[in-house]
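An overview of the molecular structure
The chain contents come next:
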Amino acid sequence: GGEGLKIAHVEKSKLTSASKRKQDEDRLKEDAKLYEGCQGVVIMVNPTKEWTFSYAKDLMPGIPSGLEVLVIGNFRDQFEQWVTQRLTMQHVIASGGANLHYCECCLANMYGMPAVESFLSICLQSQKMLAAHAEITKLSESVDETLSNMKEMSKKQNY
């Protein structure tokens with residue numbers, strides 16, 4: 001069952017109980033199953049509510065390192081009401097690695113959607129690159145096998 005509307009979040013780093021941390025680690029392992037087969041993850045944050053970014057920071061360590069991640073700061077049209085500052089979010093994102101990205105948007109007027117579209121394109125292109133790499137590996141193995149067969153046949157030739 002659902003927990004209802006979430007209106008607060010306590011960062012894991014602020015928890016003191018060792019058993020609570022162990023529970024959270026177990027939950028992260030279970031959450032990793034959610035990402036199987038994914039090429040990218042989108043995390044939307046409402047900067048007018050600090051807990052949403054706190055929650056996003058707790059989600060990030062559970063995301064497999066090879067996945068592209070986009071953190072979206074929504075409600076750009078309400079920038080003056082943001083309690084989570086842009087620089088704070090950008091600093092966390094920048095320290096998270098090359099596959100962690102940030103953009104701001106406003107779903108009310110579609111501001112920022114080209115950046116989201118670019119992110120989705122990155123995920124698609126990465127998937128295509130993985131497929132191409134797998135095909136190249138398969139072809140390379142086929143060439144190696146053919147060369148080996150050719151050498152074996154050359155040894156057995158007798159005119």
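Residues numbered from 1 in each chain as written. Predicted model: local features only at pLDDT ≥ 70, side-chain atom pairs only at ≥ 80, totals over all residues. Heavy atoms only, no water.

**Describing the overall build of the protein chain**
When its secondary structure is counted, the protein chain shows four helices and three strands. Ordered by position from N to C terminus, the α and β elements of the protein chain give α-β-α-β-α-β-α. Relative to its full complement of 159 residues, the protein chain shows a buried share of 30%. Long-range pairs, those at least 24 residues apart, make up 71% of the contacts in the protein chain between residues at least 6 apart in sequence. Per element, the accessible surface of the protein chain, about 11200 Å² overall, is 57% carbon and sulfur. (Helix = DSSP H or I, 4+ residues; strand = E, 2+ residues; numbered from the N terminus. Buried < 20%, exposed > 50% of the residue type's maximum accessible area, 1.4 Å probe, protein only. Contact = heavy atoms within 4.5 Å. Areas by Shrake-Rupley, 256 points an atom, 1.4 Å probe, with all protein chains shown as cover.)

**Remarks on the layout of surface pockets**
In this model, the second largest pocket occupies a volume close to 160 Å³. If you go around the second largest pocket, the residues you meet are Met-60, Ile-63, Pro-64, Ser-65, Leu-67, Val-69, Val-92, Ser-95, Gly-96, Asn-99 and Leu-100. Residues of the lining of the second largest pocket, tallied by class, amount to seven nonpolar, four polar and no charged. (1 Å grid on protein atoms, 1.4 Å probe; cavity = no way out; pocket = protein on both sides within 12 Å on 5 of 7 lines; lining within 4 Å. Points joined across faces, edges and corners; volume = space filled by probe spheres on them. Nonpolar A, V, L, I, M, F, W, Y, C, P; charged D, E, K, R; others polar.)

**Some words on the packing of aromatic side chains**
Scanning all chains against the criterion turns up one aromatic pair. For the pair Phe-79 and Trp-82, a centre-to-centre distance of 4.9 Å together with 55° between the ring planes defines the contact as tilted. In this structure, Arg-76 packs its charged tip against the face of Phe-79, placed 4.3 Å from the ring centre. (Phe/Tyr/Trp six-rings, centres within 6.5 Å; stacked < 30°, edge-to-face > 60°. Lys NZ or Arg CZ within 6 Å of the ring centre and 35° of its normal.)

**Concerning the environment of Leu-100**
Of note, Leu-100 is situated in strand S3 (residues 100-104). Separated by 29 residues in the primary sequence, Leu-100 and Val-71 have C-alpha atoms spaced 7.6 Å apart.

**Quick word on unusual backbone geometry**
The residue Phe-75 is not glycine, and still its phi comes out positive at about 65°. Along the chain, Phe-75 falls in the loop between strand S2 (68-73) and helix H3 (86-94). On the accessibility criterion, Phe-75 (30% relative accessible area) is partly exposed.

**Considerations on the environment of Asp-58**
If you trace the backbone, Asp-58 turns up in helix H2 (residues 50-59). Accessibility expressed as a relative area gives 9% for Asp-58, which makes it buried. Separated by 34 residues in sequence, Asp-58 and Asp-24 place their C-alpha atoms 9.8 Å apart.

**A few points about the sheet that holds S2**
Working definition: the strands of a sheet are paired by backbone hydrogen bonds and lie parallel or antiparallel to each other. The three strands lie next to each other as S1-S2-S3, forming an open sheet whose pairing is parallel. Two strands bound the open sheet, and with one partner strand each, they are strand S1 (40-45) and S3. When the angles between neighbouring strand axes are averaged without regard to direction, this sheet yields 20°. Direction of pairing for S2 relative to S3: parallel, over a ladder of five bridges. Note on S3: the bridge partner recorded for Gly-73 is Glu-104. Running at roughly 160° to S3, H3 makes contact with S1, S2 and S3 of the sheet. (Pairing = 2+ DSSP bridges. Axes fitted to C-alpha atoms, helices over the stretch in contact; angles between N-to-C directions.)

**A look at the pattern of salt bridges**
Evaluation of the coordinates by the stated rule reveals two salt bridges. Where Glu-104 meets Arg-76, a salt bridge forms, and the shortest distance between an N and an O atom there is 2.9 Å. With Glu-104 in strand S3 and Arg-76 in the loop between S2 and H3, this residue pair connects regions lying 28 residues apart in the sequence. Taking the shortest distance from any N to any O, the salt bridge between Glu-104 and Arg-86 comes out at 2.6 Å. (Salt bridge = Lys/Arg side-chain N within 4 Å of Asp/Glu carboxyl O.)

**Topic: H3**
Given 3.6 residues per turn, any residue in an α-helix points the same way as the ones three and four places further on. Of the residues making up H3, those classed as buried are Met-89, Val-92 and Ile-93. Along the axis of H3, the buried residues cluster in a sector spanning 100°; they form a single face. Residues Leu-87, His-91 and Ala-94 are exposed on H3 and point more than 90 degrees away from its buried face. Each element contacted by the buried residues of H3 is listed here: S1, H2, S2 and S3. (Arc of directions from axis to C-beta.)

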